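An overview of the molecular structure
Here is how the chains run, residue by residue.
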Amino acid sequence: GIQVEQSPPDLILQEGANSTLRCNFSDSVNNLQWFHQNPWGQLINLFYIPSGTKQNGRLSATTVATERYSLLYISSSQTTDSGVYFCAVRSLGSARQLTFGSGTQLTVLP
Amino acid sequence: DGGITQSPKYLFRKEGQNVTLSCEQNLNHDAMYWYRQDPGQGLRLIYYSQIVNDFQKGDIAEGYSVSREKKESFPLTVTSAQKNPTAFYLCATLQDGTQYFGPGTRLLVL
């Protein structure tokens, strides 16, 4: 099946800093999503972005499908950005099944 | 208030006991999913259902069972055959390519 690798596995930032999270995948995809999991376990969809670039406030994402990677940018980080960020993809041959990466644990210090 | 509800929030299981986790949604989404998350890991798919009275095994279906008698409901039973059930269980729906998650149930074996 498709492989999804996220980097870095852990990231510690000072409040106000910027960061870039990366997601590499091993096959062509027709669905790619970024999620944030808060410390209580709730997963929130950040972006549905199988290709192109999107922005939502301080967050933006870019997927280069032909090169099989996606980037999540967080600018002016806040302590509430802490948590785990997951990338999930669906390969072209999959029947509505997402494969998740192992996540990036982000800690933003005050 | 539209959303996905899961109950209970915490569940304790004794050895050899079957337990059922509830998942209800009022989003009118056709597809529903169950994922398992172990500490420090990504999500793994247990079962999914694209339509009422139909469901498919995911990557780790052994020791679990589901039913989909109503569009709104997709309960998961963790059977005694599941030897290591301690984990965080997440129910989700899928609509227009975007996955939406419930708050999760933490299952602990005594």
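Structure: see above.
Let us look at the structure shown here. (Residues numbered from 1 in each chain as written. Chains lettered and ligands numbered in written order. Predicted model: local features only at pLDDT ≥ 70, side-chain atom pairs only at ≥ 80, totals over all residues. Heavy atoms only, no water.)

1. As for the interface of chain A and chain B
- Every contact between the two is made by 19 residues of chain A and, on the other side, 22 residues of chain B.
- Summed over both sides, the interface between chain A and chain B buries roughly 1600 Å², with carbon and sulfur atoms accounting for 49% of that surface.
- Put simply, chain A and chain B have 0 salt bridges between them.
- Put simply, chain A and chain B have 5 residue pairs in polar contact (both at pLDDT 80 or more) between them.
- Every element with two or more residues in the side of chain A that touches chain B is listed here: β4 (29–37), β5 (43–48) and β9 (83–91) of chain A.
- Considering every element that reaches the side of chain A that touches chain B, the biggest residue donor is β4 of chain A, with 4 residues.
- For the side of chain A that touches chain B, the residue count by class is 8 nonpolar, 9 polar and 2 charged. (Contact = heavy atoms within 4.5 Å. Buried area = accessible area lost by both parts, 1.4 Å probe. Salt bridge = Lys/Arg side-chain N within 4 Å of Asp/Glu carboxyl O. Polar contact = N/O pair within 3.5 Å; in protein donor to acceptor, adjacent residues only side chain to side chain. Helix = DSSP H or I, 4+ residues; strand = E, 2+ residues; numbered from the N terminus. Nonpolar A, V, L, I, M, F, W, Y, C, P; charged D, E, K, R; others polar.)

2. A closer look at the side chain of Asp-38 of chain B
- Here Asp-38 of chain B lies in the loop between β4 (31–37) and β5 (43–51).
- With residues up to four places along the chain from it excluded, the contact list for Asp-38 of chain B reads Arg-44, Thr-86 and Ala-87 of chain B.

3. Details of the state of the cysteines
- For the structure shown, the criterion picks out 2 disulfides over all chains.
- Sulfur-sulfur distance for the disulfide between Cys-23 of chain A and Cys-87 of chain A comes to 2.0 Å. Looking along the S-S bond of the Cys-23 of chain A-Cys-87 of chain A disulfide, the torsion reads about -60°, which is the left-handed sense. Of the two residues, Cys-23 of chain A is situated in strand β3 (residues 19–25) and Cys-87 of chain A in strand β9; the sequence distance between them amounts to 64 residues. The pair Cys-23 of chain A / Cys-87 of chain A is uniform in exposure class, with both members buried.
- Here Cys-23 of chain B pairs with Cys-91 of chain B through a disulfide, and the sulfurs are 1.9 Å apart. The sign of the -70° torsion about the S-S bond sets the Cys-23 of chain B-Cys-91 of chain B disulfide as left-handed. Of this pair, Cys-23 of chain B sits in strand β3 (residues 19–25) while Cys-91 of chain B sits in strand β9 (residues 87–95); the two residues are 68 residues apart in sequence, bridging distant segments of the chain. Comparing Cys-23 of chain B with Cys-91 of chain B, the two get one shared label, buried. (Disulfide = S-S within 2.5 Å. Buried < 20%, exposed > 50% of the residue type's maximum accessible area, 1.4 Å probe, protein only.)

4. Examining the sheet that holds strand β1 (residues 4–7) of chain A
Residues and elements named next belong to chain A.
- A sheet is described by the order of its strands in space; here 5 strands give the open sequence β1-β3-β8-β7-β6, paired in antiparallel fashion. Where the open sheet ends on each side, the last strands, each with one partner, are β1 and β6 (52–56). Averaged over all neighbouring strand pairs, the angle between strand axes comes to 15°, with direction disregarded.
- In this structure, β1 lies alongside β3, joined through 4 bridges in antiparallel fashion. If you follow Ser-7 over to β3, its bridge partner there is Arg-22. (Pairing = 2+ DSSP bridges. Axes fitted to C-alpha atoms, helices over the stretch in contact; angles between N-to-C directions.)

5. Structural notes on unusual backbone geometry
- Ser-7 of chain A connects to Pro-8 of chain A through a cis peptide bond whose omega is -10°.
- Secondary-structure assignment places Pro-8 of chain A in the loop between β1 and β2 (10–14).
- In this structure, Pro-8 of chain B follows Ser-7 of chain B across a cis peptide bond, with omega equal to -10°.
- Among the secondary structure elements, Pro-8 of chain B is positioned in the loop between β1 (4–7) and β2 (10–13).
- Although it is not a glycine, Arg-68 of chain A sits at a positive phi angle of roughly 60°.
- Counting through the fold element by element, Arg-68 of chain A comes out in the loop between β7 (59–64) and β8 (69–74).
- Overall, Arg-68 of chain A belongs to the partly exposed group, its relative accessible area being 31%.
- At Ser-76 of chain A, a residue that is not glycine, the phi angle is positive and equals roughly 45°.
- Note that Ser-76 of chain A resides in the loop between β8 and β9.
- For Ser-76 of chain A, a relative accessible area of 39% translates into the label partly exposed.

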